[in-house]
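# Summary of the model geometry
One-letter residues, chain by chain:
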Amino acid sequence: MSRVAHAPPMHRLSLRNWCVACGAGELLGLGASFGVLALARAAGADGFDGATPVWLRVVLGLCVGVIEGSTLGLAQGLALSRGGARVPVPRLAALTALPAALVWALVLGLMNPGGQAASGPALEPPVTLVALAGVFSGLSGGVLIGACQALAVAPRVGWALGRVWIAASATGWAAGLGVIMMATTVQTAETPMAMVVLWALAGAAFGGLALGLGSWWGVRHVAAALIGAPVTSAKAR
């Protein structure tokens with residue numbers, strides 16, 4: 001009797017797994033980043049205070065950017081790898097940490113230059129305006145992050161799909177950063193600290209989920225090429 005060799009079943013990266021990876025990566029990465037900033041503030045180096053020396057704010061930005069970016073990149077790389085995609089996970093994590101560190105360093109370094117307090121009561125912008133600012137910031141930041149990540153992806157699938165990855169990163173971060181910024185601006189000076197922490201964690205988790213949802217349209221095509229199989233359906237299984 002002849003034996004017939006059966007090929008192992010082809011894996012697929014599902015929408016659920018991708019969103020869970022992005023959500024968990026942002027929750028852990030952003031949570032750890034804000035933990036570092038809280039410890040630095042307790043030590044007298046407030047990264048969000050313009051009175052803190054610029055060099056120190058830049059160093060803090062680089063540190064927390066590396067933490068958030070590498071955590072997110074690692075989670076995304078592991079999701080791709082477990083879905084059957086041949087992707088260099090450590091390289092993807094490092095290439096996600098690099099732009100995240102640059103963005104954080106710029107944000108903290110340019111915050112309230114000179115450390116001068118504004119005269120008069122501070123005016124809170126409308127939540128919709130904050131969300132729009134997050135969307136447009138996410139688009140530009142997503143292009144930067146996607147371009148760096150594409151250096152780990154494109155050598156295996158070609159730059160045509162590398163550009164798809166960049167575009168998907170932009171739309172994903174537009175959705176993700178919009179959610180994160182909305183969650184961090186619904187608080188007031190009277191909000192209890194426990195609620196501030198809760199809102200921050202919720203914003204990170206749901207922002208990561210929005211990142212996954214917003215980028216899935218392109219990620220699934222790139223993942224299929226990394227696996228070596230055609231895309232069969234837009235639905236997650």
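Structure first, text after, so check above.
Okay, so let's go over this structure. Just so we're clear, the structure is a prediction, and the values are computed from it rather than from any experiment.

This next bit is on the side chain of Ser215. Mapped onto the fold, Ser215 is located in helix H6 (residues 193-227). With residues near it in sequence (within four places) discarded, Ser215 still touches Trp18, Ala168, Thr171 and Gly172.

Packing of helix H1 (residues 15-42) against helix H2 (residues 54-82) brings their axes to within 8 Å, and their N-to-C directions diverge by 160°. By the angle class used here, H1 and H2 are roughly antiparallel. The hand of the H1/H2 crossing is right-handed. Grouping the amino acids of the contact of H1 with H2 by side-chain chemistry returns 16 nonpolar, 6 polar and 2 charged.

For the rest of this paragraph, the subject is the nonpolar core. Leu13, Trp18, Leu80, Trp165 and Leu226 are the most contacted members of the largest nonpolar core, which has 25 residues in total. Looking at this core, the elements that each hand over two or more residues are H1, H2, helix H3 (89-109), helix H4 (127-157), helix H5 (159-185) and H6. Per-element accounting of this core gives the leading share, 7 residues, to H6. Membership of the second largest hydrophobic core comes to 10 residues, among which are Ala45, Leu60, Leu108 and Ile180.

Scanning the model with the defined rule gives 1 salt bridge in all. As a salt-bridge pair, Arg41 and Asp46 come within 3.5 Å of each other at their nearest N and O atoms.

Once that is clear, we can look at the environment of Leu201. Mapped onto the elements, Leu201 comes out in helix H6. Distance from Leu201 to Phe34, taken between C-alpha atoms, is 9.9 Å for residues 167 residues apart in sequence.

Attention now goes to the environment of Ala205. Along the chain, the position of Ala205 falls in helix H6. The spacing of Ala205 and Gly176 is 29 residues in sequence and 9.5 Å in space, taken between C-alpha atoms.

Reading the values: the criteria
- Residues numbered from 1 in each chain as written.
- Predicted model: local features only at pLDDT ≥ 70, side-chain atom pairs only at ≥ 80, totals over all residues.
- Heavy atoms only, no water.
- Helix = DSSP H or I, 4+ residues; strand = E, 2+ residues; numbered from the N terminus.
- Contact = heavy atoms within 4.5 Å.
- Axes fitted to C-alpha atoms, helices over the stretch in contact; angles between N-to-C directions.
- Parallel < 35°, antiparallel > 145°, perpendicular 65-115°, else oblique.
- Left-handed = near helix turned anticlockwise from the far one by under 90°.
- Nonpolar A, V, L, I, M, F, W, Y, C, P; charged D, E, K, R; others polar.
- Core = buried A, V, L, I, M, F, W, Y, C linked by side-chain atoms within 4.5 Å.
- Buried < 20%, exposed > 50% of the residue type's maximum accessible area, 1.4 Å probe, protein only.
- Salt bridge = Lys/Arg side-chain N within 4 Å of Asp/Glu carboxyl O.

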